[in-house]
Amino acid sequence: MAYTYDRILTNVDIDDAEMRIRDALAKNGFGILTEIDVKATMKKKIGAEMEPYRILGACNPEMAHKAIEIEPRVGAMLPCNVILRKVDGGTEISAIDPVASMQAIDNDQMHKVAGEVRDMMRAAVDAA
């Protein structure tokens with residue numbers, strides 16, 4: 001089972017791709033809770049050089065609330081991460097597949113919520 005849903009934006013730089021995915025996520029009810037510039041962090045912490053790579057922690061409050069009510073410890077698996085990374089010819093956007101990540105939880109209600117969130121995330125990635 002794939003654990004991410006991916007799309008390459010051809011001839012789009014990472015800054016433009018980030019603006020596009022932020023807008024698409026917002027239109028699908030997600031806000032950004034965390035932002036990590038992995039390239040800058042690796043350079044600062046260990047002196048490593050790498051291509052642009054960013055992680056956005058996206059959260060849909062209504063869906064997160066439903067999930068926490070079903071399984072209070074699910075917060076250890078939140079928010080839903082979306083990565084942006086430079087690839088040949090453009091920028092790749094990869095969003096976590098909540099269905100794959102929630103397989104560890106033996107709860108059919110949680111799997112239903114995860115499926116709804118997956119559909120919302122895919123819609124955002126497709127719209128970016």
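Residues numbered from 1 in each chain as written. Predicted model: local features only at pLDDT ≥ 70, side-chain atom pairs only at ≥ 80, totals over all residues. Heavy atoms only, no water.

A. Inspection of the overall build of the protein chain at higher detail. Counting its secondary structure elements, the protein chain contains 5 helices and 5 strands. Along the protein chain, helices (α) and strands (β) appear in the sequence β-α-β-α-β-α-β-β-α-α when read from the amino end. Against the globule reference of 14 Å for 128 residues, the protein chain gives a C-alpha radius of gyration of 15 Å, in line with a compact fold. Projected onto its principal axes, the C-alpha coordinates of the protein chain cover approximately 40 × 35 × 25 Å. Counting only residues that meet the buried cut, the protein chain has 38% of its 128 residues in that class. Approximately 7,500 Å² of the protein chain is accessible, and the part contributed by carbon and sulfur atoms is 51%. In the protein chain, which carries 16 positive and 21 negative side-chain charges, the distance between the mean positions of the two groups comes to 4 Å. (Helix = DSSP H or I, 4+ residues; strand = E, 2+ residues; numbered from the N terminus. Rg over C-alpha atoms; globule rule 2.2 N^0.38 Å. Buried < 20%, exposed > 50% of the residue type's maximum accessible area, 1.4 Å probe, protein only. Areas by Shrake-Rupley, 256 points an atom, 1.4 Å probe, with all protein chains shown as cover. Lys, Arg positive; Asp, Glu negative; His and termini not counted. Charge placed at Lys NZ, Arg CZ, Asp CG, Glu CD.)

B. Quick peek at the packing of helix H1 (residues 14–27) against helix H5 (residues 108–127). The contact between H1 and H5 brings their axes to 8 Å, and the two run at 140°. In terms of orientation, H1 and H5 fall into the oblique class. The two elements H1 and H5 meet at a crossing, and its hand is right-handed. Across from Ile21, Ala24 and Leu25 in H1, the residues of H5 making contact are Met121, Ala124, Val125 and Ala127. Class assignment for the residues of the contact of H1 with H5 results in 7 nonpolar, no polar and no charged. (Axes fitted to C-alpha atoms, helices over the stretch in contact; angles between N-to-C directions. Parallel < 35°, antiparallel > 145°, perpendicular 65-115°, else oblique. Left-handed = near helix turned anticlockwise from the far one by under 90°. Contact = heavy atoms within 4.5 Å. Nonpolar A, V, L, I, M, F, W, Y, C, P; charged D, E, K, R; others polar.)

C. Expanded view of the environment of lysine 45. Its place among the elements puts lysine 45 in helix H2 (residues 38–46). Assessed through its relative accessible area of 63%, lysine 45 is described here as exposed.

D. Seen up close, the pattern of salt bridges. Counted according to the given criterion, the structure contains 12 salt bridges. For arginine 54, the salt bridge goes to glutamate 18, with nearest N and O atoms at 2.6 Å. Taken together, the residues span a long stretch of sequence, with arginine 54 in strand S3 (residues 53–59) and glutamate 18 in helix H1 at a distance of 36 residues. For the pair formed by arginine 54 and glutamate 18, the shared burial category is buried. The partner of glutamate 71 in a salt bridge is arginine 73, with the nearest N and O atoms 3.6 Å apart. Classification of glutamate 71 as buried rests on a relative accessible area of 19%. Taking the relative accessible area as the measure of exposure, arginine 73 reaches 68% and is therefore exposed. Here the salt bridges do not stand alone but share partners, grouping Asp15, Glu18, Arg22, Glu35 and Arg54 into one network. (Salt bridge = Lys/Arg side-chain N within 4 Å of Asp/Glu carboxyl O.)

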